[in-house]
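Residue strings, one per chain:
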Amino acid sequence: MIETLKWDGNLILLDQRKLPQQIIYNTYEDTEGVYYSIKEMVVRGAPAIGVSAAYGMVIAAREIFNKEEFISQYIKKGDYLISARPTAVNLKWAVERMISCAKANITKSDRNTLISKLEDKAKEIYQKDIDTNKAIGENLLTLFNENDTILTHCNAGSLATAGYGTALSVFYVAKEKGINLKAYADETRPRLQGARLTAFELENLGVDTTLICDNMAAVVMSKGKIDAVVVGADRIAKNGDTANKIGTYGLSILAKNFNIPFYIAAPISTIDFDSKSGDDIPIEERDANEVRKINDKFITPENIGVYNPSFDVTPNENIRAIVTEKGIVYPPFEQNLEELNK
Ligand code: MRU
């Protein structure tokens, strides 16, 4: 499994903008660098952003020298990191955990002890992400039979997390158990996470993978080639409405049309109990040139108007189940997600 992020006292990130052609790691030593690595999508995928932000908050703590003002300055730095990408709630979740850890330790610790406690917390968040994803994979696998074919969108794999991935965790766990599953991967315009990242990741894992353009999903479904759709999530509202990479909503409509089960795979940290429904989830809009250009070259008239929402919301009625580390949640989601969180 290729490492998405590492920590050696600074944050080391695999530069996902360069995959699959180049495997390059960049080192980040200040909060600003971590902010830009998230914003520019050196690191991407909700859990990986969360873990990176946790380490970013260790770096942020090192930049504060005044104990009296530590917490207020720490919260400001946390808000700055959260503002890098608004949709993935794991970012906010991880920053809040780091702030709670600082609050719990500030009075009884000197500066070095506090920073080392924060470092331990970030390492714990990293390790927990791997364990959580493995458990999601185990739960997902109970839904499948040998030789089933899963369609996935964007990249919710090891590259999007500390390891294993969420939607793709089922392929890692199946491999470990000697069970064969096949994949179809949507290319995922505009940033091509499916074509560049999922295809790369699943090929490395030795999974039989077929790449399709986003507009081919209806045809492959109509030909009976897909047993289920499994995607990740950036934020799940209390009622089960789920924000994920743009195009997920369309896939859910297609899956419903062809009576194909549509599953969300996500850790409990992706559920935002403060968002009542999808209407409360902020949707990030990204730069128009992501649509106008491929590999830094214009493929369109240079000034053409563009709409580039990075995520969409799949309504809960299109979702067969939400698969978490604690179990598989079926409708009614509001009630059953609440139960899971107890
Ligand atoms: O814009 P990205 O690449 O960060 O979007 C990623 C996704 O939409 C993933 O499906 C989601 O974050 C879940 S990753 C386990």
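The following paragraphs examine the structure supplied in this document. Everything quoted here is computed from the prediction, not taken from an experiment. (Residues numbered from 1 in each chain as written. Predicted model: local features only at pLDDT ≥ 70, side-chain atom pairs only at ≥ 80, totals over all residues. Heavy atoms only, no water.)

### Examining the sheet that holds strand β7 (residues 228-231)
Consideration 1: Strand order in the open sheet made by the seven strands is β6-β5-β4-β7-β10-β15-β16, with mixed pairing throughout. Where the open sheet ends on each side, the last strands, each with one partner, are β6 (209-212) and β16 (327-329). The sheet shows a mean angle of 25° between the axes of neighbouring strands, taken without regard to direction.
Consideration 2: In this structure, β7 lies alongside strand β10 (residues 262-265), joined through three bridges in parallel fashion. (Pairing = 2+ DSSP bridges. Helix = DSSP H or I, 4+ residues; strand = E, 2+ residues; numbered from the N terminus. Axes fitted to C-alpha atoms, helices over the stretch in contact; angles between N-to-C directions.)

### Some points on the nonpolar core
In globular proteins that are soluble, nonpolar side chains generally tend to be buried together.
Consideration 1: Counting 69 residues, the largest nonpolar core has F70, Y74, M98, L118, F144 and F171 as its most contacted members.
Consideration 2: The greatest single-element share of this core, amounting to 12 residues, is contributed by helix α2 (residues 46-62).
Consideration 3: If near-sequence neighbours (up to four positions away) are discounted, F171 is found in contact with I150, L181, K182, A183, L202, L205 and V207. (Core = buried A, V, L, I, M, F, W, Y, C linked by side-chain atoms within 4.5 Å. Buried < 20%, exposed > 50% of the residue type's maximum accessible area, 1.4 Å probe, protein only. Contact = heavy atoms within 4.5 Å.)

### A short note on a negative patch on the surface
Consideration 1: Residues D8, E29, D30 and E32 make up a contiguous surface patch of negative charge.
Consideration 2: Examined against the element boundaries, D30 turns out to sit in the loop between β3 (25-28) and α1 (31-39). (Patch = residues over 30% accessible without salt bridge, like charges linked within 9 Å, V, L, I, M, F, W, Y side chains within 5 Å. Areas by Shrake-Rupley, 256 points an atom, 1.4 Å probe, with all protein chains shown as cover. Salt bridge = Lys/Arg side-chain N within 4 Å of Asp/Glu carboxyl O. Lys, Arg positive; Asp, Glu negative; His and termini not counted. Charge placed at Lys NZ, Arg CZ, Asp CG, Glu CD.)

### Describing the pairing of strand β5 (residues 182-186)
Consideration 1: Across the five residues of β5, four count as buried, placing the element largely inside the fold.
Consideration 2: Direction of pairing for strand β4 (residues 149-152) relative to β5: parallel, over a ladder of four bridges. Each bridged residue has a counterpart across the sheet, and for T152 the counterpart in β5 is A185.
Consideration 3: Of the crossover connections in this fold, the one passing from β4 over helix α6 (residues 169-176) to the parallel β5 is right-handed.
Consideration 4: Relative to β6, β5 runs parallel, the two sharing four bridges. Counted as the bridge partner of Y184 is T210 from β6.
Consideration 5: Note on the crossover from β5 through helix α7 (residues 193-205) to β6: the handedness is right-handed. (Right-handed = clockwise from strand over helix to strand, strands pointing away.)

### Considering the site of the ligand
Consideration 1: Taken together, 18 residues are adjacent to the ligand, and A46, R85, D234, N244 and K245 come closest.
Consideration 2: In this structure, D234 approaches the ligand through a side-chain N or O atom, which is 2.8 Å from an oxygen atom.
Consideration 3: With respect to the ligand, the side chain of K245 contributes an N or O atom lying 2.8 Å from an oxygen atom.
Consideration 4: In isolation the ligand has 410 Å² of accessible area, and contact with the protein removes 100% of it.
Consideration 5: Residue composition of the shell around the ligand, by class: eight nonpolar, six polar and four charged. (Near = heavy atom within 4 Å. Polar contact = N/O pair within 3.5 Å; in protein donor to acceptor, adjacent residues only side chain to side chain. Nonpolar A, V, L, I, M, F, W, Y, C, P; charged D, E, K, R; others polar.)

### Considering the environment of T149
Consideration 1: One can find T149 in strand β4.
Consideration 2: With sequence-adjacent residues up to four places away left out, T149 is seen in contact with K182, A183, Y184, K225, I226, D227 and A228.

### Examining the packing of aromatic side chains
For any two aromatic rings, the description comes down to two numbers: the centre-to-centre distance and the angle of the planes.
Consideration 1: Counting across every chain of the model gives seven aromatic pairs.
Consideration 2: Ring plane angle 65° and centroid distance 5.8 Å describe the contact between Y164 and Y172, whose orientation is recorded as edge-to-face. You'll find Y164 and Y172 in the same group, each marked buried.
Consideration 3: Joined through ring pairs, the aromatic side chains of W7, Y55 and Y126 make up one cluster. (Phe/Tyr/Trp six-rings, centres within 6.5 Å; stacked < 30°, edge-to-face > 60°.)

### Some remarks on the packing of α1 against α2
How two helices sit against one another is set out by the angle between their axes and by the gap between those axes.
Consideration 1: Contact pair α1 / α2: the axes reach a minimum separation of 9 Å and the direction vectors enclose 165°. The angle between α1 and α2 falls in the class roughly antiparallel. Viewed along their axes, α1 and α2 form a crossing whose handedness is left-handed. Each of T31, V34 and I38 in α1 lies in contact with α2, whose residues at this interface are I49, S52, A53, G56, I59 and A60. (Parallel < 35°, antiparallel > 145°, perpendicular 65-115°, else oblique. Left-handed = near helix turned anticlockwise from the far one by under 90°.)

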